[in-house]
Amino acid sequence: MPTVLIPGGAGFIGSHTVLALQAAGFDTVVFDNLSNGHRDAVTAGAFVKGDIRDAAALDRVFEEHRIDAVIHFAALIEAGVSVRDPLAFYDNNVSGTLCLLEAMRRHAVRTLVFSSTAAVYGNAGTAAITETDEKKPINPYAHGKRMVEHVLDDMARAEGLRAIALRYFNAAGADPEGRLGERHDPETHLIPLVIQAAMGQRPCIKIFGTDYDTPDGTCIRDYIHVSDLAEAHVLALKRLLSQDETGSDTSQNRGSFDAFNLGNGQGYSVRQVIDTVRSVTGQSFRTEESGRRPGDPARLVANAGRAADILGWRPRFNALEDIVRHAWAYASGRDGTGCGNGTHNSGAMP
Ligand SMILES: NC(=O)c1ccc[n+]([C@@H]2O[C@H](COP(=O)([O-])OP(=O)(O)OC[C@H]3O[C@@H](n4cnc5c(N)ncnc54)[C@H](O)[C@@H]3O)[C@@H](O)[C@H]2O)c1
Ligand SMILES: O=c1ccn([C@@H]2O[C@H](COP(=O)(O)OP(=O)(O)O[C@H]3O[C@H](CO)[C@@H](O)[C@H](O)[C@H]3O)[C@@H](O)[C@H]2O)c(=O)[nH]1
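As a starting point, this report considers the structure included with it.

Quick notes on the rules
- Residues numbered from 1 in each chain as written.
- Chains lettered and ligands numbered in written order.
- Predicted model: local features only at pLDDT ≥ 70, side-chain atom pairs only at ≥ 80, totals over all residues.
- Heavy atoms only, no water.
- Helix = DSSP H or I, 4+ residues; strand = E, 2+ residues; numbered from the N terminus.
- Rg over C-alpha atoms; globule rule 2.2 N^0.38 Å.
- Buried < 20%, exposed > 50% of the residue type's maximum accessible area, 1.4 Å probe, protein only.
- Lys, Arg positive; Asp, Glu negative; His and termini not counted.
- Charge placed at Lys NZ, Arg CZ, Asp CG, Glu CD.
- Near = heavy atom within 4 Å.
- Polar contact = N/O pair within 3.5 Å; in protein donor to acceptor, adjacent residues only side chain to side chain.
- Areas by Shrake-Rupley, 256 points an atom, 1.4 Å probe, with all protein chains shown as cover.
- Nonpolar A, V, L, I, M, F, W, Y, C, P; charged D, E, K, R; others polar.
- Contact = heavy atoms within 4.5 Å.
- Pairing = 2+ DSSP bridges.
- Axes fitted to C-alpha atoms, helices over the stretch in contact; angles between N-to-C directions.
- 1 Å grid on protein atoms, 1.4 Å probe; cavity = no way out; pocket = protein on both sides within 12 Å on 5 of 7 lines; lining within 4 Å.
- Points joined across faces, edges and corners; volume = space filled by probe spheres on them.
- Parallel < 35°, antiparallel > 145°, perpendicular 65-115°, else oblique.
- Left-handed = near helix turned anticlockwise from the far one by under 90°.

All right, on to the overall build of the chain then. Counting its regular elements, the chain contains 10 helices and 14 strands. For 350 residues, the compact-globule formula gives about 20 Å, and the C-alpha radius of gyration of the chain, at 20 Å, lands near that figure. Residue burial in the chain is summarised as follows: out of 350 residues, 54% are buried. Of the side-chain charges in the chain, 35 are positive and 43 negative, and the distance between the mean point of each set is 1 Å.

Bringing the site of ligand 1 into the picture now. Around ligand 1 there are 31 residues in total, and Asp32, Asn36, Tyr141, Lys145 and His184 lie nearest to it. Backbone polar atom of Gly11 to an oxygen atom of ligand 1: 3.2 Å apart, as the coordinates give it. At 3.1 Å, a backbone N or O of Ser35 approaches an oxygen atom of ligand 1. Coverage of ligand 1 by the protein chains reaches 97% of its 820 Å² of free accessible surface. Listing elements by their share of the shell around ligand 1, those giving two or more residues are helix 1 (12–23), strand 5 (111–117), helix 5 (140–159) and strand 7 (170–172). Taken together, the residues of the shell around ligand 1 break down into 13 nonpolar, 14 polar and 4 charged.

Moving on, we get to the site of ligand 2. Around ligand 2 lies a shell of 23 residues, among which Thr117, His189, Lys206, Arg293 and Asp296 are the nearest. One of the backbone nitrogen or oxygen atoms of Phe208 is found 2.9 Å away from an oxygen atom of ligand 2. Between ligand 2 and the protein, one listed contact pairs an oxygen atom with a side-chain N or O atom of Arg293 at 2.6 Å. Here ligand 2 loses 93% of its free accessible area of 690 Å² to cover by the protein chains. Of all the secondary structure elements, the ones that give two or more residues to the shell around ligand 2 are helix 6 (190–198) and strand 8 (204–208). Classifying every residue of the shell around ligand 2 gives 15 nonpolar, 4 polar and 4 charged.

Note that Glu149 resides in helix 5. On the basis of relative accessibility, which here comes to 1%, the residue Glu149 falls in the buried class. At 2.7 Å, the side chain of Glu149 and the side chain of Arg146 are in polar contact. Those residues within four positions of Glu149 in sequence are excluded, and the remaining contacts are Phe114, Ser116, Val120, Ala165, Arg167 and Phe257.

Before going further, it helps to spend a moment on the environment of Ile6. Summarising the element assignment, Ile6 is placed in strand 1 (residues 3–7). Here the alpha-carbon distance between Ile6 and Phe317, two residues 311 residues apart in the chain, equals 24 Å. Excluding its chain neighbours within four sequence positions, the residues that come into contact with Ile6 are Val18, Leu21, Thr28, Val29, Val30, Phe31, Ile71 and Phe73.

The subject of this paragraph is the sheet that holds strand 9 (residues 220–221). Working definition: the strands of a sheet are paired by backbone hydrogen bonds and lie parallel or antiparallel to each other. The 3 strands lie next to each other as 12-9-14, forming an open sheet whose pairing is mixed. The open sheet has two edge strands, strand 12 (268–269) and strand 14 (299–300), and neither has a second partner.

In this section: the sheet that holds strand 11 (residues 256–262). Taken in spatial order, the 7 strands make up an open sheet running 3-2-1-4-5-6-11, and their pairing is parallel. A strand with exactly one partner marks an edge of an open sheet, and here the two such strands are strand 3 (46–49) and strand 11. Within the sheet, the average angular offset between the axes of one strand and its neighbour, ignoring direction, is 20°. Direction of pairing for strand 6 (residues 162–168) relative to strand 11: parallel, over a ladder of 7 bridges. Within strand 11, the position partnered with Leu166 by the bridge is Phe260. The strands that helix 2 (residues 55–64) touches are strand 1, strand 2 (27–32), strand 3 and strand 4 (69–72); relative to strand 2, the one it contacts most, it runs at about 170°. Taken strand by strand, helix 5 contacts strand 5, strand 6 and strand 11, and its axis lies near 155° from that of strand 5.

All told, the structure shown has 1 cavity of 30 Å³ or more when counted by the stated rule. Computed from the structure, the largest cavity encloses a volume of approximately 60 Å³. Surrounding the largest cavity, Ala10, Gly11, Phe12, Ser15, Asn36, His38, Ala41, Leu180, Gly181, Arg183 and His184 form its lining. Residue composition of the lining of the largest cavity, by class: 4 nonpolar, 6 polar and 1 charged.

With that settled, consider the packing of helix 2 against helix 4 (residues 86–106). In the contact formed by helix 2 and helix 4, the axes pass within 10 Å of each other and the chain directions differ by 40°. Judged by the angle between their axes, helix 2 and helix 4 are oblique. Between helix 2 and helix 4 the crossing geometry is right-handed. Note on element contacts: helix 4 touches helix 2 through Cys99, Leu100, Ala103, Met104 and Arg106, opposite Ala55, Leu58, Asp59 and Phe62. Broken down by class, the residue content of the contact of helix 2 with helix 4 amounts to 7 nonpolar, no polar and 2 charged.

Here it is as structure tokens:
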């Protein structure tokens, strides 16, 4: 089976994707500087500690492993932080990706799946977002992701790169079998933070902005289960590899660039997420209304019809309750309190 290099594979989405790739029979090599990931989250395949901005380290990986394709997750991820420190984000996420692309070129690897984001659309309207909608990023993190999409598109035309950008909406949840979950430190994502409040690990949950132009005044997001995202990567990779084999769409030397939204098509406000965590966990905790967080669009909800039609992607865990239940089971299991067990028995979830 093909061998896949996975920069950022020790992180949240990358580590779940390693599980999905292994289950689909791929060999995997995770390459991660562990700035925000965990060595023990890489549960299978090879692991190499390294930074995508280090060309020599990348060369060693490409020389030591026969890499057929790359799935690239490595990035700084907090949009709010990118507003305060844009250079760090452009350096890590844009320069780092250019360094990776140069290494791929040196080693004649031309198949890439790239982690993009719903944030490239900026302040979208109220309709579900399609891939052709206008891209107007409103923070440096999203600008950087969009820049990389342009680079991939240009390289596809110029030199035969075959790339797919997956624009995830809000990744959440945890492996249904409890093997992996979300472990950012510091944690900034809403669902794990609300769960920490439910576990009594933080005094309250802050609601960032109650004056948005949304029905309850708080931001709306489309939360997508991390295992469903992982599956989409396997499908995207298979599509690119089958194009490679057949030379379909184009002549052998020409490349392709495509982008797919990955979300459930269902928007939940910050207050609705908090209510869901309360009902799933049965725990009570305080909320505190606070000012807007810089760089936050009001509403991001996906139309993921293209991923369904072209990749054959069918999310399995599209109920917010399931996403929260898996995240709760994982977090309470790690905490050792087992306080998630009242609502969830360990083992596979529906
Ligand atoms: N979590 C989300 O909701 C979300 C939504 C849209 C897009 N994304 C994108 O998906 C990808 C993965 O996100 P995640 O939530 O798993 O984040 P994460 O922080 O858990 O994982 C990112 C991984 O990349 C590694 N990394 C960062 N910079 C690196 C570098 N220079 N060299 C090598 N490794 C490096 C980190 O150590 C970490 O393990 C990112 O590209 C992110 O921008 C995430
Ligand atoms: O303590 C908190 C944390 C978050 N929020 C709000 O909750 C919503 C979701 O925030 P968060 O979970 O941090 O995710 P996003 O900022 O929407 O960003 C995620 O989703 C984007 C795609 O939609 C990705 O690009 C980013 O990498 C990923 O971090 C936002 O309105 C936040 O303002 C709060 O009100 N209180």
